[in-house]
Amino acid sequence: MARIDLKSLAHSYFPDPKSDEDYALRRMEHVWEDGGAYALLGPSGCGKTTLLNIISGLLTPSHGQVLFDGKDVTHLAPEDRNIAQVFQFPVIYDTMTVYENLAFPLRNRGVDEKRVDARVREIAGMLDLTGKLKQKARGLGADEKQTISLGRGLVRDDVSAILFDEPLTVIDPHLKWVLRRKLKEIHNKLRPTMVYVTHDQVEALTFADKVVVMYGGKVVQLGTPQELFENPAHTFVGYFIGSPGMNIMDCKIDDGAAWIDGQRIGLSDRHLDAVSKQSGKIELGIRPEFLTLETGTAAKGADGVEVNIIKVEDLGQYKIATTRFGASEIKVKLGEDEQVIGQSGILRFAPEWTKLYADSQLVA
Amino acid sequence: MNKITNNKAWFLVLPVFFIVAISAIIPLMTVVNYSVQDIFDPQTRFFVGTEWFEQVLGDSRLHDALIRQIIYTLSVLFIEIPLGIAVALTLPRKGWGVSASMVLLALPLLIPWNVVGTIWQIFGRADIGLGGYVINLLGIDYNYSQNPMDAWVTVLVMDVWHWTSLIVLLCYAGLRSIPDAYYQAAKIDGASRWAVFRFIQLPKMQSVLVIGVLLRFMDSFMIYTEPFVLTGGGPGNATTFLSQFLTRMAVGQFDLGPAAAFSLVYFLIILLVCWVFYTVVMNAGKREEQ
Ligand SMILES: Nc1ncnc2c1ncn2[C@@H]1O[C@H](COP(=O)(O)OP(=O)(O)O)[C@@H](O)[C@H]1O
Ligand SMILES: [Mg+2]
């Protein structure tokens, strides 16, 4: 277990990177606290695997340092870093039994056989592999193979950190849920530092205390699931977290308010103060949860933005209304017994949940 | 189960049957025909039963050729298979080196057998051949047409030069099919270089190696052209292998009966060895899965 510091870390796969575009990871400072359960969330190609491989030592970063508990390990090989990593697709040693597969990382490090046996049986018990220990790994299904890969990642109890790179991609939904709970349990019991890469927000939010969101080779936000929901630091976080994601619209600031397609949206002084110092593209964001839609008689004379209602989907627990004004399409989340009457309505923006972004970064 | 019986299907098999008959069965039957008769001319023939077989199987010159053949084939396999694997492991995995080494490796495979023999015949000569001349310069008395040991070494080196590439290419294909994640996982698991070979690379090469061993066994067991061109089977009979022995019997002495009988025995040996080898390896694979 260790605290992991990334010091002005950057990586490019090209020998002489020129522009920012050539970097798979843009310069970052980041700390993974000892014993934290982190989810690393981001779209495909944003550099998650690159970052993980740098932490584990499979890749040497082109700039910056990796510190484990303050010790510089940037140029150490994975076997000298004492770290475990589980990959997206199962890696098993075909000719070995399940038992030998699980014992492999321990035996390679000269752990004595009694300890190996105890650890292998404990992990096998946790992952429901006990009955299969004597089987050859070759004939097993993809689910079981990936469970073995997971087991090899968990079998050493002295590692600095365990890295999971989308480990449950090939696993069916039910088992996925079970395994995620197991990982959470293991974390609660042993408190290893865990980094769990995924592009599935539900997975990230259930597994982790802290979520790190990456976008375009950068960490755009680190926070608890609630912080990410309430205060997205980047338009991508707003859009990526939550379902449906945040509504994000281009806007102009004028006359003490935001203007979208000629409609006025009131802002607080806090907003106006912050945005006055900004140049660049200004966007307004608000989550569907924080919008109210008035229809029918309630809409008459109400203060707000006039919208057309395009459709209303009933999702059981709640409803999603899709509304439009000008070129903007806005989704609104409604309670299950809120009624929508007619084709048009008035949309109200809760000022405290209205966010302003300049060049995609949160300003207020 | 209700199986649909449709005898018309047999008609569809007929063309294949004809082709196989003409290309394999009929010629083979001719040989069988010769092996059980003593034929002087088309009108004068006697059925001799197993006499030719007995004569051939008891022939001590044949025993010697067979022993030479076995030693030769085993040497070929024991040199070419490990060497091929070793070379495949050292080949580059990306960059311009890949195509360069592929071309270089494929070259010997593209040269006709008799040309290979000729190349080495000249190359190994002490008077005009570069190889032979250099070896003699080094103070080693080397002459493949006089010294049986030298002849053996030359024939073996020639075969290694000619065919190791095949094993290399097969193994390389097997190695290339291993995803990077396997090597990465092995590093994380702290596996030694040997463990990576033993548990990742070798298992992935297994199926291509089976093919490689079979091909090299069959080919080297039937080797004819190269030693014929290089040494003519000499000095003495030192490099007379089975094919050449057979050819001498059939074409040189025109003993068609014994030659036919021996051809069949020869054919059966190869068939048997291949079958046993294949079955053993495949069963080993299956047993592992259980
Ligand atoms: N071995 C590599 N060589 C060159 N570019 C790479 C390599 N691996 C990844 N990349 C590039 O780096 C970027 C980040 O990739 P990756 O870390 O795999 O993203 P993720 O895991 O988030 O999907 C991508 O643009 C990808 O094309
Ligand atoms: Mg990835």
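Each chain carries its own residue numbering, running from 1 in the direction its sequence is written. For naming, the first written chain is A and the first written ligand is 1, with later ones following in the order written. Only residues with pLDDT of at least 70 get local features here, since the model is predicted, and only at 80 or more are side-chain atom pairs given and counted; chain-wide, interface and lining totals rely on the full set of residues. As a rule here, side-chain values cover all heavy atoms of the structure and leave hydrogens and water aside.

Enquirer: Is there a simple way to think about the UniProt feature "transmembrane region" (unreviewed entry) in chain B in this case?
Expert: Residues and elements named next belong to chain B. UniProt positions are given in the numbering used here, feature names are shortened, and annotations may be inferred rather than shown by experiment. UniProt records the feature "transmembrane region" (unreviewed entry) at residues 12-36, 70-91, 103-123, 151-175, 196-218 and 259-281, using the numbering of this structure. Helix numbering and strand numbering both begin at the N terminus, where a helix is a DSSP run of H or I of at least 4 residues and a strand a DSSP run of E of at least 2. As annotated, residues 103-123 comprises 86% helix and 0% strand, and the C-alpha atoms at either end are separated by 22 Å. Secondary structure content for residues 259-281 is 100% helix and 0% strand, while the C-alpha to C-alpha distance between its ends is 33 Å.

Enquirer: In this structure, what is going on with the site of ligand 1? I would like to understand it.
Expert: All names here are of chain A. Throughout, near means a residue has at least one heavy atom within 4 Å of the molecule or strand. Contacts to ligand 1 come from Y13, A24, P43, S44, G45, C46, G47, K48, T49 and T50. G45 has a polar backbone atom sitting 2.6 Å from an oxygen atom of ligand 1. Measuring from an oxygen atom of ligand 1, one finds a side-chain N or O atom of T49 at 2.5 Å. Coverage of ligand 1 by the protein amounts to 53% of the 560 Å² it exposes when considered alone. If you tally residues by element for the shell around ligand 1, the top one is helix α1 (residues 48-56), at three residues. For the shell around ligand 1, the per-class residue count stands at four nonpolar, five polar and one charged. N or O atoms closer than or at 3.5 Å make up a polar contact, with two conditions inside protein: a donor-capable atom paired with an acceptor-capable one, and, for residues adjacent in sequence, both atoms drawn from side chains. The protein chains shown are the only cover counted for residues, whose accessible areas, like all others here, come from Shrake-Rupley with a 1.4 Å probe. In this classification, Asp, Glu, Lys and Arg are treated as charged, Ala, Val, Leu, Ile, Met, Phe, Trp, Tyr, Cys and Pro as nonpolar, and every other residue, Gly included, as polar.

Enquirer: What exactly am I supposed to notice about the sheet that holds strand β3 (residues 37-41) of chain A here?
Expert: Note: strands within a sheet are paired through backbone hydrogen bonds, in either parallel or antiparallel orientation. Residue and element names in this part refer to chain A. Taken in spatial order, the six strands of this open sheet run β6-β7-β8-β3-β9-β10, and their pairing is mixed. Two strands in the sheet have a free side with no partner beyond their single neighbour: β6 (84-86) and β10 (218-223). When the angles between neighbouring strand axes are averaged without regard to direction, this sheet yields 15°. Relative to strand β9 (residues 210-215), β3 is paired through four bridges, and the arrangement is parallel. Looking across to β9, one finds that Y38 is bridged to K210. In the packing of helix α4 (residues 142-154) onto the sheet, contacts are made with β6, β7 (161-165) and β8 (193-198), and the angle to β6 comes to roughly 165°. In this description, contact between two residues means that some pair of their heavy atoms is separated by no more than 4.5 Å. Fitted lines through C-alpha atoms serve as axes, helices being fitted only where they are in contact, and the angles separating the N-to-C directions of these axes extend from 0 to 180 degrees. Strands β3, β7 and β8 of the sheet are contacted by helix α5 (residues 173-190), whose axis makes an angle of about 160° with β8. Should DSSP find at least two bridges between two strands, the strands are taken to pair.

Enquirer: Before we go on, may I ask you to explain the nonpolar core in this structure?
Expert: Soluble globular proteins tend to pack their nonpolar side chains together in the buried interior. Definition used in this section: a nonpolar core is a set of buried Ala, Val, Leu, Ile, Met, Phe, Trp, Tyr and Cys residues joined via side-chain atoms within 4.5 Å. Buried residues are those whose accessible area, probed at 1.4 Å on protein chains only, stays under 20% of the maximum for their type, while exposed residues exceed 50% and partly exposed ones sit between those limits. Ranked by internal contacts, the top residues of the largest apolar core, which has 81 residues, are L6(A), W32(A), L40(A), L51(A) and I55(A). It is helix α9 (residues 193-221) of chain B that provides the largest number of residues to this core, a total of 12 residues. Leave out the neighbours within four places in its chain, and L40(A) touches W32(A), K48(A), L51(A), L52(A), V195(A), Y196(A), V197(A), T198(A), V212(A) and M214(A). Counting 46 residues, the second-largest nonpolar core is a separate cluster that includes L102(A), V213(A), V237(A) and I241(A).

Enquirer: I keep staring at the interface of chain A and chain B and nothing clicks. Help me out?
Expert: Accessible area lost on assembly of the parts is the figure often given for the size of an interface. With 24 residues of chain A in contact, the opposing surface of chain B contributes 19 residues. Two parts lose some accessible area (1.4 Å probe) when they are put together, and adding that loss for both gives the buried area. For the pair chain A and chain B, the summed buried surface comes to about 1900 Å²; carbon and sulfur atoms form 59% of the total. We define a salt bridge as a contact between a side-chain nitrogen of Lys or Arg and a carboxyl oxygen of Asp or Glu at a distance within 4 Å. On the surface where chain A and chain B come into contact, there are one salt bridge. Of the charged contacts, one joins R152(A) and D189(B) as a salt bridge, the two residues approaching to 2.8 Å between their closest N and O atoms. The interface formed by chain A and chain B contains five residue pairs in polar contact (both at pLDDT 80 or more). Elements supplying a minimum of two residues to the side of chain A that touches chain B: α1, β6 and α2 (98-107) of chain A. Of the residues that constitute the side of chain A that touches chain B, the class distribution is 12 nonpolar, five polar and seven charged.

Enquirer: Help me out: how do you make sense of the sheet that holds strand β15 (residues 282-286) of chain A in this one?
Expert: Residue and element names in this part refer to chain A. Taken together, the four strands give an open sheet; going across it, the order is β11-β15-β21-β22, and neighbouring strands pair in antiparallel fashion. Both edges of this open sheet fall to β11 (247-250) and β22 (361-362), since each of them pairs with a single strand only. Bridge count for strand β21 (residues 355-358) against β22 is two bridges, and the pairing is antiparallel. Directly across from A358, in β22, lies its bridge partner Q361.

Enquirer: Explain α5(A) here, please?
Expert: The α-helix winds at 3.6 residues per turn, so residues separated by three or four positions along the chain end up facing the same way. All names here are of chain A. For a helix, the expected span equals 1.5 Å multiplied by the residue count minus one. Spanning 18 residues, α5 covers 26 Å between terminal C-alpha atoms, matching the ideal 26 Å at 1.5 Å per step. Residues of α5 that are buried: L179, R180, K182, L183, I186 and H187. An end-on view of α5 places all buried positions within 160° of arc, on one side of the element. Turned more than 90 degrees from where α5 packs its buried face, H174 and K189 sit exposed. By definition, the arc is the one covered by directions from the helix axis to the C-beta atoms.

Enquirer: In this structure, what is going on with the packing of helix α3 (residues 60-90) of chain B against helix α7 (residues 148-176) of chain B? I would like to understand it.
Expert: Geometrically, a packed helix pair is captured by the angle between its two axes and the distance between the axes. All names here are of chain B. Direction vectors running N to C along α3 and α7 enclose 45°, while the axes themselves pass 7 Å from each other. Between α3 and α7, the interaxial angle falls into the category oblique. With respect to the hand of their crossing, α3 and α7 are arranged in right-handed fashion. Residues belonging to the contact of α3 with α7 are distributed by class as follows: 20 nonpolar, three polar and three charged. Reported orientations rely on four angle classes, namely roughly parallel under 35 degrees, roughly antiparallel over 145, roughly perpendicular from 65 to 115, and oblique for the rest. By convention, the crossing between two helices is left-handed when the near helix turns anticlockwise from the far helix through less than a right angle, and right-handed when the turn is clockwise.

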